[in-house]
Amino acid sequence: MSEKLYNNLLFQSIFLMSFLILVGLLIPNWLVFVITKAIAYGLVGLGIITLMRGGLVSFGQGFVFGIGGYTAGLLGTQAGLTDAMLLLFVSFLFTGLVGLIIAPLLARYRDIFFAMLSLAFSMVLYGILIKIDAIGGSDGFVLPESTYFGIKPSSEYADYILYVVAIIMTGFISILLRYYYDSTPGLIALAVRENELRVEYLGSSAFNVAVLNFTIAAGLGGMGGALNGIALGHIDPEFTYWTTSGEFVFISILAGYLSVPAVFLAALLLELVRSFSGRYFPDTWQLILGLFLILSIIFIPSGIGSFFKQFFDRLKKSK
Amino acid sequence: MNFFRQCLILISSILISLLTFVGISNADGHKGFKLGVVTFLSGPAAEPFGVPAWNGGKLFIKLLNEGKVPAPYNKKGFGGMKITAIPIDESGGATKQVQEFRNLVQRDKVDAVLGYVSSGDCMAIPSVADELKALTVLYDCGTPRVFEDASYKYVFRTAAHAAMDNIAIAKYLIEKGHDISSIAGINQNYAWGKDSWKDFSVSVKKLSPSSEIKNELFPKIFSGQYGTEISALMNSKAKVVHSSLWGGDLQSFILQAKPRGLFKRTQVVFSAGDHVMPGLGNKYPEGVILGARGQYGMMAPDTELNKWFYKSYMDEYGVFPAQPPYRMVQGLMGLKMAIEKAMEKNGGKKPNKDEIAAAFKGLEFDSPGGLVQMKLGDGHQAIQPHAIGTTAKDKDGNITVTDIVRYKASCVNPPNGIKAVDWINAGFPGADC
Amino acid sequence: MVDEILTIVLDGAIYASWLFIVALGLTFVFGVLKILNIAHGGIYALGAYSTATLVPIFYSLGMPEQLVILAMLVSALAVAIVITPIMERGILRRFYGQDEVLIVLVTYAIYLVLEDVQKLIWGMNSLYVSEPRELLGALEFGSLYYVGYDLALIGLAIFCGLFLWFVLNKTQSGKIVLAVIHNPEISGCMGVNINKVYLAAFFIGAFLAALAGSFTAPLISVQVGISVAVVIESFAVVIIGGLGSIPGAVIGALIIGMARAACVHKLPEAEIFIMYFCMAGMLIFKPKGLFQGAQARKI
C-alpha cells in the first residue's frame, strides 16, 4: 500500500470536512441550514445505499427516520437530555437496535416485497404516532433548544454549530462505512447483489448480510431523523409518511451505490430543487419536483456516483 | 458519448442552481414591505381554506397598493410602503413548515410572515419565530393553546381561537329552545376536532347539566367516506349532532348524509360550516345551525367596511366571501394598523420588528367582521364578536342564513389570563353578554 | 341487537366494496407487471374529475337519466385511454428489467405530476355530481335509510371481481396473461407479445382506478387532494390480502371494511387505528399477506 498522501481516504475526508466547515463561515445562514438538512437526509440515503449494495431497497426508511427523530425528541422533552451530539449518538444506537429486532422479519424477502414490507412497517408506525395524543398526535411537538457540552449557543451561531457537529459526525461515519464496504462482509454484500445462490453455495449467508445491512441502515436513518428533528426544532408523524420515504429512495437512486459523497450531493440537490420550486412555483411545485425526479432517473440512471467514478477513472487514465 | 452527455447535464444543473442563487441575492435591497404569506395551495385544505383566503389576500394587497381601500385603511400599502407578497404552500406537515419559515426569514429576508391555517403549524412556528426574531401573524388557525401554554414576543394572532365557536353554538341552542337532552359528535381525529368537541360538549353540559352524550366519533381526517359514521349517528338517536368537519370532509359528509335523512331527523350543528356554502350552493341542507368562526360571509355585520369588502370580492371572483378571505384580510388589516401606529411613533421611518411588535400589542382595529381586540395572551391574541345562524331557503329557493344571533366578543371569549377550557368548566365567570 | 349487527355488516360491506374497487386495479397491475403503481391514486382522482366534467355535459344533452351509468363508464374509459399510452408506453416502459423499486419511484414522481395536472386542468374549485346517486332511491333497513346507489356499489364490486377472474381464467387471452405472470421470458419465447400484454394489463389497471374514481365522485366533492388517502388504503388492502392476488384483495377489503364498521359502532376511539392494526397483525404473522406463498405468482 504505497499510496500517496492525497490518495489516502482519511486524508481526503478530513480535508473535505475542514473545507466544508470553513465554507460554512462564508455562506449565508439559510444555506448552512439547508446543508445540515441535506446531511440528515443524506444519512438516511446512505443507509439505503448500504442496503442497495446487498441488492435490497427499502421504501420505508421513514420508519427509522421517525424512530430516530422521536427518540431524540422524547429524550429532549421527557428526560431533559439536550446535548445534540449525545442525542444523535443515542438515536443512532437505539434505532440500530430496533432495526436489528425487525431485520429478521424483513431479511427473508427480496426485491419489491422487501420494499413494500418496509413501507408497510413505516405506515404502521405512522398509524401509531398519530394516535398517541401524549406526544402531540398528528401535530407533533417542539424540541427544546440543543446544547453542546452543556453550553447553549446563542441563536445566531446555533445553526452553524449544529452544521459543524453534523459534518464531523457524518464524516467519520462515512469513513467507517467506506471501510465496511471494502471489508469482507461488505464485499459479500456486492456478491449477494450479483447472485445470491452462489454466495450461499460458497458458504456465506445472504440472510446475515441482509440483517447486518438493515441494522446499519436503521442506525443511519435514526441518526438522520434525530439530526433533522434537532435542526428544525420540531417533529411530527410526517417523518414516517410514505412520501418522506419516497424522497430517501430518490436520493439514493440519484446518487447510485458507488460513492458515499454522492449521496450528500444528491440530498442537497433534492433539497434545493424542492425549496426553490416551492418558493417560485408555490402552486405547481409538485409538478416541478415530479418532473425533476423522472428526468434525473431517465438521464442519470446509475446515479451521480457512477459519474464520479467515471470521472476519476478518466483522470487517472489521462495521467 | 454517454459520459459527456452526463457531464453536460450535471454542469448545466449546477449552473442553473447558481443562477438561481444570484437571482435571489439580487432580490435583496428592497424598499417596500416584503410579506411572506403561508397558506394551503395544494392538498385537501387548499380548496376550502388556502385558496379563497389567498384570493382575498391577493385582492386586498392589490387594492392597498393602489390605495383603493376605504378609511381607515386608505393609506397606500403599509404606511406608504408597497407590499410585495411571497406566497408559500402550507402543505407537508409542521416540520416542513418550520423549514419553509426559515427560508422565508433567512433567505428571502421578509419583513413579516402572515399565515397558517393548520393548528399543528401554529403550534410549531412560534418558537422558531421568536428564536429568529421574525414578526409573525397567525391569521386563521384555531387552537387556543398557542398563547395559553406559552408566550411569544414576535407572534400575534389576529383572529379569535376556536373556543368561541363552540361556546356560542351551545348558547344559541339553548336560547332558541332546541332540545339538547342528548348530543352526539363527529369530529376529525386531531387537535382541532378533539378540542372543538370538548369545548362544545362541556359547554352544553354546563348550560344544561341533564343532557347526555350519546356518541363521540373521531374519523380520520380526509377520509371522505362517512357511510358507517352516518349509520352510527342515526342509530344513537341523539337530538343534536355536532361537527367541526371542514373542507372536502364536510362537503362529503353533507352529500352522503343528506339523502339518508340525517338532517331531517336530527338537529345538526356545524361549528365552521359556512365556508363550503359558496361551493355547495343549494345542495346545502336546510335547518342546520352553523357558525363561521366570526361574523363573516352571510353573517357579516351591516357596516360600510363589510359592504365594501363583500362587493369587491364578489366582483372579482363571482362568489361571496366565506370565512377564509375575511380572516386573511383581518390579519393584513391588523398588521397594517400596527405598522402605521409604529410609524406614527418613530416619525414615519420604516419601523423595525420590535417597534411593530410593540405597536401590535393590545391593538384594536375595525375589520369587515367587526371590532378586533388583541386582548388575550397579554395583547397577542385577538377576540372578536361572533354570530350563529340557521340555514333556510329564501323565497327564490336559494339557501341562506336566518335567525342570526350576535354575541359580544367578551360574551363568548374568556378574559385575559384564564384558559378557555378552565373558563368553560367554571361556567363562564365574568362573561359580558 | 340483530338490527345492529345487520347495520354493521351492511356498512362494512359498502365500505369494503369501495375499498375493493379501488384496490383491484392496483393488485392486478402488480400481479402482471410487478409494479407497485403509486400513481394509481392519481388516476383515481382523474377518473373522479372526468366524471364530474362529463356527467353534467351528459345531462345538458338531455339524455335519459338511467343511462348516466354509461357516461360514468365512458369517462373512466377516457381517462384510461389517455393515461395508458403516456404512462406505460411513454415512461414506464423505459424501466422494464431495471430495479423494481426504481419503477416505484417513477410512479411516485408521476403521482406528484398528476396532483398538479389536476389543478392545471380543473382549477381549485370543487366539482359536484351527486345526481347519479339520486337515481336508485333509498331503502329502509331497520330504523335506517340506505341510498340505493351505495348498495349498488356492492354489486359493482362483485361484478368487477368476477369479471376479471372470468377473463383471466376462462378466456384464451386471460390464459396468456396468466402465462406471462408465471414466466415472461418463456412466454415471450413461445411467441407471446409481452409488450402487448403489459400494455393491456396496465390499461385494465388504469381503467379500474379511474372507474373507482368515477363511481366515488357522486359521494364526495371532487377536489384537489382526494388521491392521498386512496394510495394508503388500497395499499393496506393489498398488503393484507397479499400482493397481486384478486381473492386476497376481496379478503383484505372485507377485513378492513368490517373491522372499521364494527369499530365505528362499538368502539369509536379505535377507528383511526384499526386499518394499521390489521396491517401490523398481518405483517407479524403472515408478512406476505393471506394469499401469498404457494400462490405467490398467481393472481
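Model, not experiment: these values are computed from the prediction. (Residues numbered from 1 in each chain as written. Chains lettered and ligands numbered in written order. Predicted model: local features only at pLDDT ≥ 70, side-chain atom pairs only at ≥ 80, totals over all residues. Heavy atoms only, no water.)

### Re the sheet that holds strand β14 (residues 386-393) of chain B
All names here are of chain B. In plain terms, the rule: Any two strands with at least two DSSP-identified bridges between them are counted as paired. Helix numbers and strand numbers start at the N terminus; a helix is a DSSP run of H or I with at least 4 residues, a strand a run of E with at least 2. Simply put, an axis is a line fit to the C-alpha atoms, just over the touching stretch for a helix, and the angle between two N-to-C directions goes from 0 to 180 degrees. Any two residues whose heavy atoms approach within 4.5 Å at even a single point are treated as in contact.
Within the open sheet, the 7 strands sit side by side as β7-β6-β8-β9-β10-β14-β15. Their pairing is mixed. The sheet terminates laterally at β7 (212-217) and β15 (399-407), the two strands that pair on one side only. Shown here is a sheet whose adjacent strand axes are inclined to one another by a mean of 20 degrees, direction ignored. With 4 bridges joining them, strand β8 (residues 240-243) and strand β9 (residues 267-270) adopt parallel strand pairing. Bridge pairing in β9 places Ser-243 opposite Phe-270. Its contacts with the sheet place helix α8 (residues 227-236) against β6 (182-186), β7 and β8, and it is angled at close to 175 degrees to β7.

### Considerations on the interface of chain B and chain C
In plain terms, the rule: For any pair of parts, buried area is found by adding up, for both, the accessible area (1.4 Å probe) each one loses once the two are put together. For the purposes of these results, a polar contact is taken to be a pair of N or O atoms within 3.5 Å, where, inside protein, one atom must be able to donate a hydrogen and its partner to accept one; residues adjacent in sequence count only when each atom of the pair is a side-chain atom. Any residue outside Ala, Val, Leu, Ile, Met, Phe, Trp, Tyr, Cys, Pro, Asp, Glu, Lys and Arg is labelled polar, Gly included; the first ten of those are nonpolar and the last four are charged.
With 38 residues of chain B at the contact, the number on the chain C side is 33 residues. Contact between chain B and chain C buries roughly 3,100 Å² in total, counting both sides, with carbon and sulfur atoms accounting for 52%. For chain B, the biggest contributors to the area lost against chain C are Gln-225, Thr-228 and Arg-260 of chain B; these three give 22% of the whole. Between chain B and chain C we count 14 residue pairs in polar contact (both at pLDDT 80 or more) in total. Looking at the side of chain B that touches chain C, the elements with two or more residues in it are α2 (46-66), β7, α8, α9 (247-257) and α11 (277-280) of chain B. It is α8 of chain B that contributes the most residues to the side of chain B that touches chain C, 7 residues altogether. For the side of chain B that touches chain C, the class distribution of residues is 14 nonpolar, 16 polar and 8 charged.

### As for the packing of helix α3 (residues 62-78) of chain A against helix α5 (residues 111-131) of chain A
Residues and elements named next belong to chain A. The geometry of α3 relative to α5 is characterised by a closest axis approach of 8 Å and an angle of 35 degrees between their N-to-C directions. Where α3 abuts α5, its residues Gly-62, Phe-63, Ile-67 and Tyr-70 lie against Phe-121, Ser-122, Leu-125 and Leu-129. Counted by class, the contact of α3 with α5 contains 6 nonpolar, 2 polar and no charged residues.

### Here's the deal with the pairing of strand β3 (residues 112-115) of chain B
Residue and element names in this part refer to chain B. Here is the rule we go by: Between buried and exposed lies partly exposed: a residue is buried under 20% and exposed over 50% of the maximum accessible area for its type, with that area taken using a 1.4 Å probe on protein chains only.
On β3, burial covers both faces: Ala-112 and Leu-114 on one face and Val-113 and Gly-115 on the other are all buried. Two strands pair when backbone bridges link them, and strand β1 (residues 33-39) and β3 are joined in this way by 4 bridges, in the parallel orientation. Residue pairing in the sheet places Gly-36 in a bridge with Val-113 of β3. Where β3 lies against strand β4 (residues 136-138), 3 bridges are found, and the strand directions are parallel. Bridge pairing links Leu-114 to Val-137 in β4.

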